[in-house]
Amino acid sequence: MAARDSVLTPAAVDAAGTGHAHFGRLLLAEWTKIRSVRSTYWSLIALVIAFLFFSWLFPYLTVANWKQATPEQQANLIEDPIGSIMSSGLFVGQLAVAVLGVMVTASEYGTGMIRSTLLASPHRVRMLAAKSLVFTLLIGAIGEVIAFAGFYIGRLTFKSLLTVNLDSSNVRQVFGVGLYLGMLGLFALVIGALLRHVAGAITGIVALLLVISNLIQLIPGRVGKYLYTYEPTNAGFAIIGKRLPDNFLISSWEGYGVFAAWTALLWALAAYLLVRRDA
Amino acid sequence: MIEVKDLVKKYGDTTAVDHLSFAVEPGRITGFLGPNGAGKSTTMRLILGLDRPTSGSAFIDGKPYRDLRDPLRYVGALLEARAVHGGRSAFNHLLYLAQTQGVPKRRVSEVLDLVGLTAVAGKRTKGFSLGMGQRLGIAAALLGDPQILILDEPVNGLDPEGVLWIRQLLKALAADGRTIFVSSHLMNEMAVTADHLIVIGRGKLQADMPVGQFIAQFSDTAVLVRTPDADTFRSAAAERGWDVTGTKEDGALIVTGSTAPQIGELAAERGLVLHELTPQRASLEDAYMELTRESGEFAHRPAPALGGTDGRS
């Protein structure tokens, strides 16, 4: 740690150009940030393990208990085998994505690193856009990979009972895993940017995913159905559903559109506040 | 060159920065001095575009910070609070900053070497001492080889070697023609580092002048005199209108309102023996305290006596 005598070094810095910083540079920098902290690896490992484990577990239990199942349960399974492979794993794995999404933004405030970030990229909306794009694509890509891996694990496990094939009627459900996780990651990132507090934002989004999304269907009548349908994560989760619940008022793609619209709205609010608020 | 024009920042009813205007010129170290809570950090954050001013403006080479392209190549900043993620290595912290500016990777190694952190470049920064954290902050500030440096309390938490290192670094950077703007709440630190002083108190400008002028203007000059003919000397000095005070037990006299040569001439004229004649360098700390007496955040209420006779306890 001895300080050197000479403090000046020849600058290995090229001449600065004009206009705003390349968006590509911001993407590269955000990628460096994401890959250089351990929480990214832990969260993604948790996602992959949870998702693949449940992709095996549920089909395995179904096969093992097939004779005890009611005819109604058997009919449900034959109608929607992919749902039974994917939905439990996704329900658990989404928590890892939500936590990581919050950390990507909120931890910058917790550590004070946001000041370094904003000094380097004072055009704040571009920074948020670069961060959003890198993270959404990362989670979306990992989501698609585990979706297909989970599909083949489930298909193998179901083999003695029924054959599960990909076709036009169910390919949306498999692709939907990556689409849902990517959008959820962005949604969580935005919540982190809005609340700027890791613990608060994680509590909020986990409560939304696990508690609020289910409790609101207890509200009686048409209001309850509307709230249940248009709650962002319920709406998004419909993308992996084949036969949607009776109290879900719109189609799978419409549901995903609602989730995307919520995310876009909150993103715009986060961008506005990012520019307005002191860092 | 940094220019601040009529800058105001209010937090609710509190005015942190109160119509502040000054310029920081290149090629010298400008000390930014004020008691804790005077608004130094806030002013720096306003210059750097981190906070929005309530009114007024700040410019870096004629542009607001937010309009700079690749700002780290213009301005390097070290802020008071640590601004790194503890889980990321020093190298990766600097790497992502470099990538945003199009600064090549080898420059990261270069600045790590410059601040003496090469050996711990791959370590996560949460294990860094305060001094190592400051060095990492300096490395980040130097990353884009900027012409302007803004440093908030850079010697905080450094050991004596580190303090000396910062001083030498700042002097070398200023000699190189760069603009150095460095804050401190310690007058004596500024006296040995800065060429020019900007002093604020309660967000208001108190002084903006070279260090030498600051000393001359805000402190009385005093001369210590030791003579066996103290009484004769006193009356002679009184004739000239000089103040002789502080007769110490060892017979030393403090003369104010005069200079050492004048006193020497007086003694020769009157045939008085002098054992000592020493100009007292006015304490800068005293001058600074004098100037900011009414402007500190908490200061200047006399400390309440224990047992509380002031009716508040």
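None of these values were measured; they are calculated from a predicted model.

**Description of the overall build of chain B**
Looking only at helices and strands, chain B has 10 helices and 13 strands in total. Taken along the three principal axes of its C-alpha coordinates, chain B extends 75 × 50 × 45 Å. Sequence separation of 24 or more characterises 69% of the internal contacts of chain B that already satisfy a separation of 6 or more.

**Observations regarding the interface of chain B and chain A**
Of the residues lining the interface, 49 residues belong to chain B; the matching set on chain A comes to 41 residues. Elements supplying a minimum of two residues to the side of chain B that touches chain A: helix H2 (90-101), helix H3 (105-114) and helix H5 (160-175) of chain B. Within the side of chain B that touches chain A, the residues separate by chemical class into 22 nonpolar, 13 polar and 14 charged.

**Side note on the domain arrangement of chain B**
Its domain assignment divides chain B into domain 1 (2-217) and domain 2 (220-281). On a C-alpha basis, the centroid separation for the pair domain 1 of chain B and domain 2 of chain B is 45 Å.

**A look at the packing of H2 of chain B against helix H4 (residues 130-142) of chain B**
All names here are of chain B. Between H2 and H4, the least distance of the axes is 10 Å, while the angle of their chain directions is 25°. Taken together, the axes of H2 and H4 are roughly parallel relative to one another. Relative to H4, the crossing made by H2 is right-handed. On H4, the residues touching Ala90, His93, Leu94 and Leu97 of H2 are Leu136, Ala139 and Ala140. Tallied by class, the residues present in the contact of H2 with H4 amount to six nonpolar, one polar and no charged.

**Description of the sheet that holds strand E4 (residues 55-60) of chain B**
All names here are of chain B. Across the sheet, three strands lie side by side as E2-E1-E4; this open sheet has antiparallel pairing. Each having just a single partner strand, strand E2 (14-24) and E4 make up the two edges of the open sheet. The mean inter-strand angle of the sheet, taken between neighbouring strand axes irrespective of direction, is 20°. Two elements, strand E1 (residues 2-11) and E2, share seven bridges in a ladder whose sense is antiparallel. Its bridge partner lying in E2, Leu7 is registered against Leu20.

**Let's talk about the sheet that holds strand E11 (residues 243-245) of chain B**
All names here are of chain B. Pairing in this open sheet of four strands is antiparallel, and the strands run E11-E12-E10-E13 from one edge to the other. Across the chains shown, the open sheet's two edge strands, defined by having one partner strand only, are E11 and strand E13 (276-280). In this sheet, neighbouring strand axes are inclined to one another by 25° on average, regardless of whether the strands run parallel or antiparallel. Here five bridges tie strand E10 (residues 222-226) to E13, and the two strands are oriented antiparallel to one another.

**Notes on the nonpolar core**
Within the largest apolar cluster, 143 residues are counted, with the highest numbers of intra-cluster contacts made by Val102 and Tyr180 of chain A together with Leu94, Ala139, Leu143 and Ile150 of chain B. Of all hydrophobic cores here, the second largest spans nine residues; its members include Val223, Phe233, Leu253 and Ile263 of chain B.

**Re the packing of helix H6 (residues 124-157) of chain A against helix H7 (residues 171-195) of chain A**
How two helices sit against one another is set out by the angle between their axes and by the gap between those axes. Residue and element names in this part refer to chain A. Following both chains from N to C, one finds H6 and H7 inclined at 150°, their axes separated by 7 Å at the closest point. Classified by the angle between their axes, H6 and H7 sit roughly antiparallel to one another. Here H6 and H7 pass one another in a crossing that is right-handed. From H6, Leu128, Ser132, Phe135, Thr136, Ile139, Gly140, Gly143, Glu144, Ala147, Phe148 and Phe151 reach across to H7, where they touch Val174, Phe175, Val177, Gly178, Leu179, Leu181, Gly182, Gly185, Leu186, Leu189 and Ala193. The class makeup of the residues in the contact of H6 with H7 is 14 nonpolar, seven polar and one charged.

Cut-off values and rules
- Residues numbered from 1 in each chain as written.
- Chains lettered and ligands numbered in written order.
- Predicted model: local features only at pLDDT ≥ 70, side-chain atom pairs only at ≥ 80, totals over all residues.
- Helix = DSSP H or I, 4+ residues; strand = E, 2+ residues; numbered from the N terminus.
- Contact = placed C-beta atoms within 7 Å.
- Nonpolar A, V, L, I, M, F, W, Y, C, P; charged D, E, K, R; others polar.
- Domains from an automatic or database assignment.
- Axes fitted to C-alpha atoms, helices over the stretch in contact; angles between N-to-C directions.
- Parallel < 35°, antiparallel > 145°, perpendicular 65-115°, else oblique.
- Left-handed = near helix turned anticlockwise from the far one by under 90°.
- Pairing = 2+ DSSP bridges.
- Core = buried A, V, L, I, M, F, W, Y, C linked by C-beta atoms within 7 Å.
- Buried ≥ 20, exposed ≤ 12 C-beta atoms within 10 Å, placed from the backbone.

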